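Breakdown of the fold
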There are 2 protein chains.
Amino acid sequence: MTRSWWGWGNVEDAVRGAELDALLGRVRALLPGGLTDHEPPSVAALGLPEPRVSPPASLAGLCSADPTDRAGHAHGKAFRDVVRNLQGDLRHVPDLVARPRHEQDVTDLLDWCTREGIAVVPYGGGSSVVGGVEPRGDGHPAVVTLDLGRLSRVLEVDATSRAARVQAGVLGPRLEDQLRPHGLTLRHFPQSFEFSTLGGWLATRAGGHYATRYTHIDDLLESMRVVTPVGISESRRLPGSGAGPSPDRLFLGSEGTLGIITEAWMRLQERPRLRAGTTVRFGDYASAVAATRAVAQSGLNPANCRLLDATEALINAGVSVGGGLLVLGFESADHPVGGSLERAVELCRDHGGEPSVDSAGEAGDGRARGGSDGRGRDGSAAETWRSSFLRMPYQRDALARHSVIAETFETACTWDRFGALHQAVTEAARRAVDEVAGTGVIACRFTHVYPDGPAPYFSVYAPGRWGSMVRQWDDIKTAVSEAIAESGGTITHHHAVGRDHRPWYDRQRPGPFAAALTAAKSALDPGGVLNPGVLLPEPVRPQGTG
Amino acid sequence: MTRSWWGWGNVEDAVRGAELDALLGRVRALLPGGLTDHEPPSVAALGLPEPRVSPPASLAGLCSADPTDRAGHAHGKAFRDVVRNLQGDLRHVPDLVARPRHEQDVTDLLDWCTREGIAVVPYGGGSSVVGGVEPRGDGHPAVVTLDLGRLSRVLEVDATSRAARVQAGVLGPRLEDQLRPHGLTLRHFPQSFEFSTLGGWLATRAGGHYATRYTHIDDLLESMRVVTPVGISESRRLPGSGAGPSPDRLFLGSEGTLGIITEAWMRLQERPRLRAGTTVRFGDYASAVAATRAVAQSGLNPANCRLLDATEALINAGVSVGGGLLVLGFESADHPVGGSLERAVELCRDHGGEPSVDSAGEAGDGRARGGSDGRGRDGSAAETWRSSFLRMPYQRDALARHSVIAETFETACTWDRFGALHQAVTEAARRAVDEVAGTGVIACRFTHVYPDGPAPYFSVYAPGRWGSMVRQWDDIKTAVSEAIAESGGTITHHHAVGRDHRPWYDRQRPGPFAAALTAAKSALDPGGVLNPGVLLPEPVRPQGTG
């Protein structure tokens, strides 16, 4: 397999042939436009500048100046990243891509960069959709992207406590491969699972498999090790503690600005054996939302609880419903969960929901029905949706090549505010889409739900104009971000802040906390070399440590 | 009711009469000694020094220099605090006790103290057992204790999202009284419930009712407002977010050193209607621990899952068992939980556990059986233990008056380390008790359990020598704290750091995190007036803001 330098995942897995024809057919039915394909440029044609810096001899073996390497590390994997790549618009590429083999290499590379005032971009799978790995330099003379991909091993498994010590650069599938012989799983499946790393999940507070309770990676973390310019921070393995503010919670979500996560003890689960799931159809959206809230507040804690609105259900699950489709799933390694599903379905019926007929008998042992990654199958609509879910980033790339704007954004808010937020955001998206593209489709699903509110996730599809698509998307994104901020939502539920969310994050973050975080950054990274321009309101300027 | 200035809770609820006779009888059977009663001194006899500072006229109405007030705010409620009070050993008392009526008063008081360089001790219910509210001054010319007791209202209830905006100074029962008409509850019941406040729980990451999952107050918090010397920090109400490191997690556990929490949006539950519970006896402790681990890792998430060792079961539940007694309880507002209890009992039987015969039929509607605070009853041994649990601090005071050392300490560790930790800590306690007191009793229970480890909680009873009891206890505490640190436990699971845990906390906390936290403190509290000497490695010295 070959990783695509410009788009999602592996070159060999790109959408083509019959899948492409079907995709374009569906899009033609929804959107006007010619759908002309645009080939990505060759790396040679990009004319990358020479690296502005050379590593010392002791580190030269870890550093690559290969143009494809550098081009492949220039952007994350947002729509605007892929479009810029397709158009050959690589204004900033890292001068070098460094690949440490072990933690000492990380320390040595960071020491060198700190000494020279070189900006360091910590890099896991590179799947950021918020500009979090973009090597703009921000006043530094050069940028080294520190790719942790070689740190990919499970170092230790504690089966008694069900935990493992894992290197931060491991990709999702490779992590699960190493845990499987122990009968254990991290069970953290973000959409980026195949192409994102443990360290990236921790640095960005990634959202995973669980729709309730353990939604973010935060709660699956037991302890971590972080290399900072002033030393290594290692927290103690503890199941719980009340000793001062949590050290781990400072590094969770720090997006590479405070240190480089090299390994972590992660809490594991036994692989689930028992599953029950179904889909429930609703005639109107308000009832679907009310039912979902009832399930979220029931204490049943389904592993899957995704409410698709009518548009989302049609596009991605192939189901026509008046109001919404709720995908429900329970799972356990210990006890049958059919009773929990029954009670959840009862709550849905109270709100006019109709469970799918193929859900009967789903309870029980699901071993034979689980996918290779351990994900179960909960009825055909749910299955269609799930396989669509994993193909979405590849389809997004195919659409981008055909001048179609296809991107998502997400938030979270309390239940009392959801109705107004949904209306304001949808209207803002609609107005912006009409203005920049003439027409378009807006869909919404819940990726996670909490007792006190949902995490709605919006998808936008609109006809783009080749050469203007980044600007078109940015205008839409600005409009919806303003609507989210004004409606009391968070600028991100699980996509992190990066560079793109900064204006709204700066408004969301309490002022005194910003001052505290900036002071913490100065203490840990006095030279301000760690991912400057990301997360923090202003890059900390180098202070003569070079 | 009159709050005791020297001991726990209300004067009228002190142990006396038949309860005292029975208690002393039980102690006489276990420990040698005369058990002579020592009356607390009168406040007048303490000879408190005059306050070293006068408030400005605008704040004078908020400030008390009353000797009983000042004496009552000199110490927390640890055994060593109570003993020092009984012996009239009040080396440090606050110069003034200030009682703000609203947030603006808090700001004004903090501004005044910051201007004058006066140390400020934020004070909720004063139930700290780690020296967290002790007004030692630490180089400041005077100390004002800022008692938030007047900020005791529920300001807003959002029944849709099941959350409430609550003032930080509210005591547990008053909070529940205000939520009850809405059919909602915070359901956070630490042992100090009656005499501790929401703000105190948040500032110390208190452990509450739930034995699993939502063990600390942290997870019940939706957003908070904190007055700092550089402004008010208010986080957005959100059910979940991934926008940078969590602002709330910096203030959770900050123990009054970074700011004064004035209000918070808290996540609530519906009041549980359905309960099931039992106790399970084990013939040997290792099997009891293995069974508890199986339950903790099952995903059943009992609300109550307390393993008492044989000594604890005998002393506090009146049950004689060979190995241990596991108190199990499930509860729900939505669905029957009898099936969960059955499965948990089955897991216990797999490890040789014998459920109590009175547990059958406990499943079902528990409305008629719940206590006034909503706590259910799970069989007679469990009930005995629970009522004993609430009387423990009063009994501890009665024993202190009779020269008996009676104190607790707690930790948490991963399951793989528990056996060695339990042995090392018990041996260290045994050796220290024998050395300082000749003999004594050591008991252990789990207060909370996690999939990756338990939170063991130890009780020590030993004959004290009047006049030397603080030193005796400190010697024991030092010995067990060393054993905890060497065995990989946390110096505190839910009693906070304060002053007493500092030496071991300083070793537990990662160095770079300490630097970051100190820098954050300097940014928020440049004058270093907030609770100096608590939590942070060195008091930040005043920097000429006075």
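Please read all numbers here as calculations on a predicted model, not as lab measurements. (Residues numbered from 1 in each chain as written. Chains lettered and ligands numbered in written order. Predicted model: local features only at pLDDT ≥ 70, side-chain atom pairs only at ≥ 80, totals over all residues. Heavy atoms only, no water.)

Some words on the overall build of chain A
If you tally the helices and strands in chain A, you get 17 helices and 18 strands. Its C-alpha atoms give chain A a radius of gyration of 23 Å, within 12% of the compact-globule value 24 Å for 546 residues. Over its C-alpha atoms, taken along the principal directions, chain A stretches across nearly 65 × 60 × 45 Å. Buried residues in chain A amount to 66% of all 546 residues. Across chain A, the fraction of contacts at a sequence separation of at least 24, relative to all contacts at a separation of at least 6, is 74%. On chain A, roughly 17900 Å² of surface is accessible, and the fraction owed to carbon and sulfur atoms is 49%. (Helix = DSSP H or I, 4+ residues; strand = E, 2+ residues; numbered from the N terminus. Rg over C-alpha atoms; globule rule 2.2 N^0.38 Å. Buried < 20%, exposed > 50% of the residue type's maximum accessible area, 1.4 Å probe, protein only. Contact = heavy atoms within 4.5 Å. Areas by Shrake-Rupley, 256 points an atom, 1.4 Å probe, with all protein chains shown as cover.)

Re the packing of helix H9 (residues 285-296) of chain B against helix H11 (residues 338-350) of chain B
Between two packed helices, the angle of one axis relative to the other and the distance separating the axes together describe the packing. Residue and element names in this part refer to chain B. It is the contact of H9 with H11, at a shortest axis distance of 8 Å, that shows an interaxial angle of 145 degrees. For H9 against H11, the interelement crossing comes out right-handed. Contact residues: H9 offers Ala-291, Ala-294 and Val-295, while H11 offers Ala-344, Leu-347 and Cys-348. By residue class, the composition of the contact of H9 with H11 is six nonpolar, no polar and no charged. (Axes fitted to C-alpha atoms, helices over the stretch in contact; angles between N-to-C directions. Left-handed = near helix turned anticlockwise from the far one by under 90°. Nonpolar A, V, L, I, M, F, W, Y, C, P; charged D, E, K, R; others polar.)

Some words on the confidence of the model for chain A
Residues and elements named next belong to chain A. For chain A, mean pLDDT is 93; residues scoring 70 or higher make up 93% of the total. Counted against residues more than four places away or in other chains, residues 360-378, with its pLDDT under 50, gives 49 contacts. Here residues 542-546 is modelled with pLDDT under 50, and outside its nearest four sequence neighbours on either side it reaches nine contacts, counting other chains as well. Two summary scores accompany this predicted model of the complex, namely pTM at 0.95 and ipTM at 0.94. (pLDDT = per-residue confidence, 0-100.)

Brief notes about the sheet that holds strand S4 (residues 143-147) of chain B
Residues and elements named next belong to chain B. Within the open sheet, the four strands sit side by side as S1-S2-S4-S3. Their pairing is mixed. Where the open sheet ends on each side, the last strands, each with one partner, are strand S1 (63-64) and strand S3 (119-123). The sheet contact formed by S3 and S4 spans five bridges and is parallel. Looking at the pairing, Val-121 lines up with Thr-145 of S4. (Pairing = 2+ DSSP bridges.)

Here's the deal with the interface of chain A and chain B
By a widely used convention, the size of an interface equals the accessible area lost when the partners come together. Taken together, the contact pairs 80 residues of chain A with 80 residues of chain B. When the two sides are added together, the surface that chain A and chain B hide from each other amounts to roughly 6300 Å², 57% of it contributed by carbon and sulfur. When residues of chain A are sorted by the area they lose upon contact with chain B, Arg-236, Pro-239 and Pro-245 of chain A head the list and together hold 12% of the total. Counting across the chain A and chain B interface gives six salt bridges. Between Arg-343 of chain B and Asp-334 of chain A there is a salt bridge; the shortest N-O distance is 2.7 Å. Elements with a contribution of two residues or more to the side of chain A that touches chain B: strand S8 (221-228), strand S9 (231-234), helix H9 (247-251), helix H12 (338-350), helix H14 (415-437), strand S18 (453-463), helix H16 (502-508) and helix H17 (511-524) of chain A. Taken together, the residues that form the side of chain A that touches chain B break down as 33 nonpolar, 29 polar and 18 charged. (Buried area = accessible area lost by both parts, 1.4 Å probe. Salt bridge = Lys/Arg side-chain N within 4 Å of Asp/Glu carboxyl O.)

Things to note about the relation of the copies chain A and chain B
It takes a turn of 180 degrees to lay chain A on chain B, together with a shift of 0.0 Å along the axis; the resulting RMSD is 0.0 Å. On this basis, the relationship between the two copies can be described by a two-fold rotation axis. Both copies present the same face, since 100% of the interface residues in chain A are matched by interface residues at the equivalent positions in chain B. (Least-squares fit on C-alpha atoms with pLDDT ≥ 70 in both.)

Side note on the sheet that holds S8 of chain A
All names here are of chain A. Taking strand neighbours across the sheet as the criterion, the five strands line up as S5-S6-S10-S8-S9 in an open arrangement whose pairing is antiparallel. Each having just a single partner strand, strand S5 (154-158) and S9 make up the two edges of the open sheet. Going from strand to strand, the sheet's axes swing by 10 degrees on average, the running direction of each strand aside. Of the pairings in the sheet, the one linking S5 to strand S6 (residues 163-167) comprises four bridges and is antiparallel in character. Note on S6: the bridge partner recorded for Val-154 is Val-166. Docked against the sheet, helix H6 (residues 103-116) engages S8, S9 and strand S10 (260-267), running at close to 40 degrees with respect to S8.

Some remarks on helix H14 (residues 469-486) of chain B
Residue and element names in this part refer to chain B. Between its first and last C-alpha, H14 extends 26 Å over 18 residues, near the 26 Å set by a 1.5 Å rise per residue. What H14 keeps buried is the set Met-469, Val-470, Gln-472, Trp-473, Ile-476, Lys-477, Val-480, Ser-481, Ala-483, Ile-484 and Ala-485. Positive phi appears at Gly-488, one or two residues downstream of H14, with a value of about 85 degrees. (Expected span 1.5 Å × (residues − 1).)

A word on the environment of Gln-423 of chain A
Residue and element names in this part refer to chain A. Along the chain, the position of Gln-423 falls in helix H14. By relative accessible area, Gln-423 is classed as partly exposed at 47%. C-alpha separation for the pair Gln-423 and Trp-201, spaced 222 residues apart in sequence, amounts to 31 Å.

Observations concerning the pairing of S6 of chain A
All names here are of chain A. Of all five residues that make up S6, four are buried, and the element is covered over most of its length. Here S5 folds back onto S6 in antiparallel fashion, the turn holding four residues, of which Arg-162 has a positive phi close to 55 degrees. Where S6 and S10 come together, five bridges link them in antiparallel fashion. Note that in S10 the partner of Gln-167 across the bridge is Glu-263.

Overview of the pattern of salt bridges
All names here are of chain A. Across all of its chains, the model carries 74 salt bridges over all chains by this definition. Across the pair Arg-52 and Asp-95 runs a salt bridge whose closest N-O atoms are separated by 2.8 Å. Within this pair, whereas Arg-52 is found in the loop between helix H2 (43-46) and helix H3 (57-60), its partner Asp-95 is found in the loop between helix H5 (79-86) and strand S2 (96-98), the two being separated by 43 residues in sequence. Owing to a relative accessible area of 53%, Arg-52 belongs among the exposed residues under this scheme. Classification of Asp-95 as buried rests on a relative accessible area of 2%. Between Arg-84 and Asp-81 there is a salt bridge whose closest N-O contact spans 2.8 Å. Within this pair, Arg-84 and its partner Asp-81 are both found in helix H5, separated by three residues, close to a single helical turn. There is no split in this pair, since Arg-84 and Asp-81 are both buried. Within the structure, one salt-bridge network assembled from shared partners comprises Asp-81, Arg-84, Glu-134 and Arg-136.

Here we look at unusual backbone geometry
Residue and element names in this part refer to chain B. Residue Arg-162 is not a glycine yet carries a positive backbone phi of 55 degrees. Tracing the sequence through the fold places Arg-162 in the loop between strand S5 (154-158) and strand S6 (163-167). Phi is positive for Glu-255, which is not a glycine, with a value near 55 degrees. Checked against the element boundaries, Glu-255 lands in the loop between helix H8 (247-251) and strand S10 (260-267). On the accessibility criterion, Glu-255 (7% relative accessible area) is buried.

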